[in-house]
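Each chain, written out:
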Amino acid sequence: MSDTNTAVPRLDVREVTVRFAGLTALDAVGFTVEPGSVHAVIGPNGAGKSTCFNVLSGVYRATSGSVRFGDAELTALAPHRIAALGVARTFQNIALSPMLSVRDNLMLGRHRLTRAGFLSAGLRLPSARREAAAHGERVTEIAAFVGLSEHLATPVGLLSYGVQKRVELARALCMEPLLLLLDEPVAGMNGGERRDMAELIVAVRESLGISILLVEHDMGMVMRLADAVTVLDFGRRIADGPPGEVQNDPEVIRAYLGAAAESTTASGTEEVTS
Ligand SMILES: Nc1ncnc2c1ncn2[C@@H]1O[C@H](COP(=O)(O)OP(=O)(O)OP(=O)(O)O)[C@@H](O)[C@H]1O
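Conventions used here
Residues numbered from 1 in each chain as written. Predicted model: local features only at pLDDT ≥ 70, side-chain atom pairs only at ≥ 80, totals over all residues. Heavy atoms only, no water. Helix = DSSP H or I, 4+ residues; strand = E, 2+ residues; numbered from the N terminus. Contact = heavy atoms within 4.5 Å. Areas by Shrake-Rupley, 256 points an atom, 1.4 Å probe, with all protein chains shown as cover. Pairing = 2+ DSSP bridges. Axes fitted to C-alpha atoms, helices over the stretch in contact; angles between N-to-C directions. Near = heavy atom within 4 Å. Polar contact = N/O pair within 3.5 Å; in protein donor to acceptor, adjacent residues only side chain to side chain. Parallel < 35°, antiparallel > 145°, perpendicular 65-115°, else oblique. Left-handed = near helix turned anticlockwise from the far one by under 90°. Nonpolar A, V, L, I, M, F, W, Y, C, P; charged D, E, K, R; others polar. pLDDT = per-residue confidence, 0-100. Core = buried A, V, L, I, M, F, W, Y, C linked by side-chain atoms within 4.5 Å. Buried < 20%, exposed > 50% of the residue type's maximum accessible area, 1.4 Å probe, protein only. Domains from an automatic or database assignment.

A. Examining the overall build of the protein chain more closely. The secondary structure content of the protein chain amounts to 10 helices and 10 strands. In the protein chain, the proportion of contacts linking residues at least 24 apart, taken out of those at least 6 apart, comes to 68%. Just so you have it, the protein chain exposes about 13,200 Å², and 54% of that area is on carbon and sulfur atoms.

This is the structure:
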């Protein structure tokens, strides 16, 4: 593993509670993402994983509790302010502009780093042109790193699902994040695409030394990739620690077996989480 980027702060989630009307989606949940680590949040359907991500990225307001990223308290900030602190995310469902090329989608990811004002960019002043060229070069570099060079001119909508997921990751990297939030990065992918994505996540951590927090259903992937795992069930944290430890925790086994049994009863087919 490469050295951790020294600018990467610790993420401290403390006693975070989120209530929707009568439902408690997160109940005093806490965990810490160490700088430069890969940390996974797992749990059965409805456990509160997406709610947790939405609080961290500012989409949802916590009812109570605190999320600190270094010295910054994130719970009171709007999504763009959180992004400006270096927290970038991908979405469970691809959120790209399908008509735009890969390059243009990645350039949109550079937006928050763009200094040139509307006027100087509109007038194509030399300073704005230089800045655009520098962003273009960085986009080319990131695309190469993620394995997208050959697709840069292609409209995103024409690419396979697996490649589109890589574009999403590349766009998040274009924000030069210190903490990357990946919401189910391999959902819907086939075996080969899953392996490629897992390798890419390792490469991101090793080359950039940033922290990665991921929500994922693929247990095999979580166990291989994560340094630490937090397990949620019905909005509560039921386990937290290294993957090997968490995997053998009786409460975790009970939560997953219970969820599998329920889905068998509900649908008549067993849902297997590989
Ligand atoms: N905006 C919302 N309004 C009302 N209830 C919500 C909202 N978002 C989530 N919930 C509820 O909060 C609970 C936790 O949902 P959440 O989506 O966070 O779980 P999850 O672990 O991500 O599930 P999955 O694995 O199915 O994506 C669920 O009962 C869900 O219905």
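B. Layout of the sheet that holds strand 1 (residues 11-20). Within the open sheet, the four strands sit side by side as 2-1-4-5. Their pairing is antiparallel. A strand with exactly one partner marks an edge of an open sheet, and here the two such strands are strand 2 (23-33) and strand 5 (72-73). Across the face of the sheet, helix 1 (residues 49-56) comes into contact with strand 1, strand 2 and strand 4 (64-69) while running at roughly 115° to strand 1.

C. Layout of the site of the ligand. Near the ligand lie 13 residues; those nearest to it are Gly 46, Gly 48, Lys 49, Ser 50 and Thr 51. Take Lys 49: an N or O atom from its side chain is 2.7 Å from an oxygen atom of the ligand. The contact in question runs from an oxygen atom of the ligand to an N or O atom on the backbone of Ser 50, over 2.8 Å. Protein contact buries 63% of the 640 Å² of open area that the ligand shows by itself.

D. Summary view of the packing of helix 6 (residues 161-173) against helix 7 (residues 191-208). Relative to each other, helix 6 and helix 7 sit at 15°, their axes nearing to 10 Å. In terms of their interaxial angle, helix 6 and helix 7 are classed as roughly parallel. Where helix 6 crosses over helix 7, the two elements pack in a sense that is right-handed. Residues Gly 162, Lys 165, Arg 166, Leu 169 and Leu 173 of helix 6 touch helix 7, and the partners they reach there are Glu 193, Asp 196, Met 197, Leu 200, Val 204 and Leu 208. When the residues that make up the contact of helix 6 with helix 7 are grouped by side-chain class, the tally is six nonpolar, one polar and four charged.

E. Examining the pairing of strand 10 (residues 236-241) more closely. As paired elements, strand 9 (residues 228-233) and strand 10 share five bridges and run antiparallel to each other. Looking across to strand 10, one finds that Thr 230 is bridged to Asp 240. Where strand 9 folds back on strand 10, the antiparallel hairpin that results is connected by two residues, among which Phe 234 adopts a positive phi of roughly 50°.

F. Summary view of the confidence of the model for the protein chain. Across the protein chain, pLDDT averages 87, with 86% of residues at or above 70. The low-confidence segment residues 268-274, where pLDDT is below 50, has 13 contacts with residues more than four positions distant or belonging to other chains.

G. View of the sheet that holds strand 9. Taken in spatial order, the six strands make up an open sheet running 6-7-8-3-9-10, and their pairing is mixed. Whereas interior strands pair on both sides, the edge strands pair on one side only; in this sheet they are strand 6 (87-89) and strand 10. Ignoring which end each strand starts from, the neighbouring axes of this sheet average 15° apart. Sheet contacts for helix 6: strand 6 and strand 7 (179-183); angle to strand 7, the most-contacted strand, approximately 160°. Of the strands in this sheet, strand 3 (38-42), strand 7 and strand 8 (211-215) are in contact with helix 7, which crosses strand 8 at around 155°.

H. Representation of the packing of helix 3 (residues 102-109) against helix 6 within the structure. Two elements in contact, helix 3 and helix 6, have axes whose closest approach is 7 Å; the angle formed by their N-to-C orientations is 35°. For the pair helix 3 and helix 6, the sense of crossing is right-handed. Together, Val 102, Asn 105, Leu 106 and Gly 109 of helix 3 and Val 167, Ala 170 and Arg 171 of helix 6 make up the contact between the two elements. The residue makeup of the contact of helix 3 with helix 6, split by class, is four nonpolar, two polar and one charged.

I. Focus on unusual backbone geometry. Despite not being glycine, Ala 28 shows a phi value in the positive range, around 50°. Note that Ala 28 resides in strand 2.

J. Representation of the nonpolar core. If you look at the biggest cluster of nonpolar residues, it comprises 79 residues, and the most contacted ones within it are Leu 11, Leu 106, Leu 180, Leu 213 and Val 231. Among the elements that make up this core, the one with the highest residue count is helix 6 (six residues). The residues that make up this core include at least three from each of domain 1 (1-86 + 177-274) and domain 2 (96-171). The residues touching Leu 213, leaving out its near neighbours within four places in the chain, are Leu 11, Phe 31, Val 33, His 39, Val 41, Phe 53, Leu 56, Leu 179, Leu 180, Leu 181 and Leu 182.

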